[in-house]
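# A closer look at the structure
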Amino acid sequence: MPIELSLTSAEMPSAEMTNDELQECARELRAALSEEGVTAELVTALAPAHTKGGEWEAIGQLVVKGLSIGGGGAALFNVLKTYLQRKPTLKVKITRKGGEAIEIEADDLSKKERGAVMEQLRQLLAEEDKQA
């Protein structure tokens, strides 16, 4: 079952980071995950009826598919760790279909906290495996 990644920034809303920049971060994260063999897609929605139509990308939203404890969970963690260290104002919320979620910030990935965050991710994916 897919899980959802939501990006937010402590700098938003401000001149420091715009929605376009946040969406570019989502695209970069998607590419980094794909390089590690993790299937991730930008979330899209149909445009409202009063607009020109087509699809819109949901700002900072990704859907990650095919993850399990042994199948991509470690790759997801490592990509997020690297990405958040490069962009420390970002926060990532990982939500499974049942609504359970964890939030990860760069500060959570210090050597002291890393094990606890990895364990939370393992538990989230384990629950997701049970649901599948």
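Structural notes, computed from the coordinates.

## Notes on the environment of V117
Assignment of secondary structure puts V117 in helix 3 (residues 111-131). Measuring from C-alpha to C-alpha, the distance between V117 and E103 comes to 9.1 Å, with 14 residues separating the pair along the chain. Excluding anything up to four places from it in sequence, V117 contacts F77, I104, D108 and L109.

## Structural notes on the packing of helix 1 (residues 19-35) against helix 2 (residues 73-86)
The interhelical angle for the contact between helix 1 and helix 2, taken along N-to-C directions, is 140°, at an axis separation of 10 Å. Judged by the angle between their axes, helix 1 and helix 2 are oblique. Like other packed secondary-structure pairs, helix 1 and helix 2 cross with a definite hand, here right-handed. Here C25, E28, L29, A32 and L33 of helix 1 lie close against helix 2, whose contacting residues are L76, V79, L80 and Y83.

## A short note on the pairing of strand 5 (residues 101-105)
Where a strand is regular, its side chains alternate between the two sheet faces. Side chains I102 and I104 project from strand 5 onto a buried face, and the interleaved A101, E103 and E105 project onto a face without burial. Relative to strand 5, strand 4 (residues 90-95) is paired through five bridges, and the arrangement is antiparallel. By the bridge assignment, V92 is partnered in strand 5 with I104. Between strand 4 and strand 5, which pair antiparallel and follow one another directly, the connecting turn spans five residues, one of which, G99, has a positive phi of 100°.

## A word on the pattern of salt bridges
The final tally for this structure, using the stated rule, is five salt bridges. Where R27 meets E24, a salt bridge forms, and the shortest distance between an N and an O atom there is 3.5 Å. Here R27 pairs with E24, and both are found in helix 1, just three residues apart, close to one helical turn. Taking relative accessible area as the criterion, R27 reaches 35% and is therefore assigned partly exposed. Among the ionic pairs, R122 bridges to E119, the shortest N-O distance being 3.6 Å. Residue R122 and its partner E119 are both found in helix 3; the two are separated by three residues, about one turn of the helix. Overall, E119 belongs to the partly exposed group, its relative accessible area being 36%.

Rules used in this analysis
Residues take numbers from 1 onward in each chain, read along the sequence in its written order. Residue-level local features of this predicted model are given only where pLDDT is at least 70; pairs of side-chain atoms are given and counted only at 80 or more, and the full residue set underlies all totals for whole chains, interfaces and linings. The side-chain quantities take in all heavy atoms of the structure and omit both hydrogens and water. Note on conventions: DSSP H or I runs of at least 4 residues are helices, E runs of at least 2 residues are strands, and numbering of each starts at the N terminus. Working rule for contacts: check all heavy atoms of both residues, and any pair within 4.5 Å makes them a contact. To obtain an axis, a line is fitted to C-alpha atoms, over the contacting stretch when the element is a helix, and the angle between two such axes runs from 0 to 180 degrees between their N-to-C directions. Throughout, the term roughly parallel applies to angles under 35 degrees, roughly antiparallel to angles over 145, roughly perpendicular to angles from 65 to 115, and oblique to all others. In this scheme the crossing of two helices becomes right-handed for a clockwise turn of the near helix relative to the far one and left-handed for an anticlockwise turn of less than a right angle. The classification of residues rests on relative accessible area computed with a 1.4 Å probe and restricted to protein chains. Under 20% of the type maximum is buried, over 50% is exposed, and intermediate values are partly exposed. Pairing between two strands requires that DSSP report at least two bridges joining them. We define a salt bridge as a side-chain nitrogen of Lys or Arg found within 4 Å of a carboxyl oxygen belonging to Asp or Glu.

Just geometry here; none of it tells us what the structure is for.
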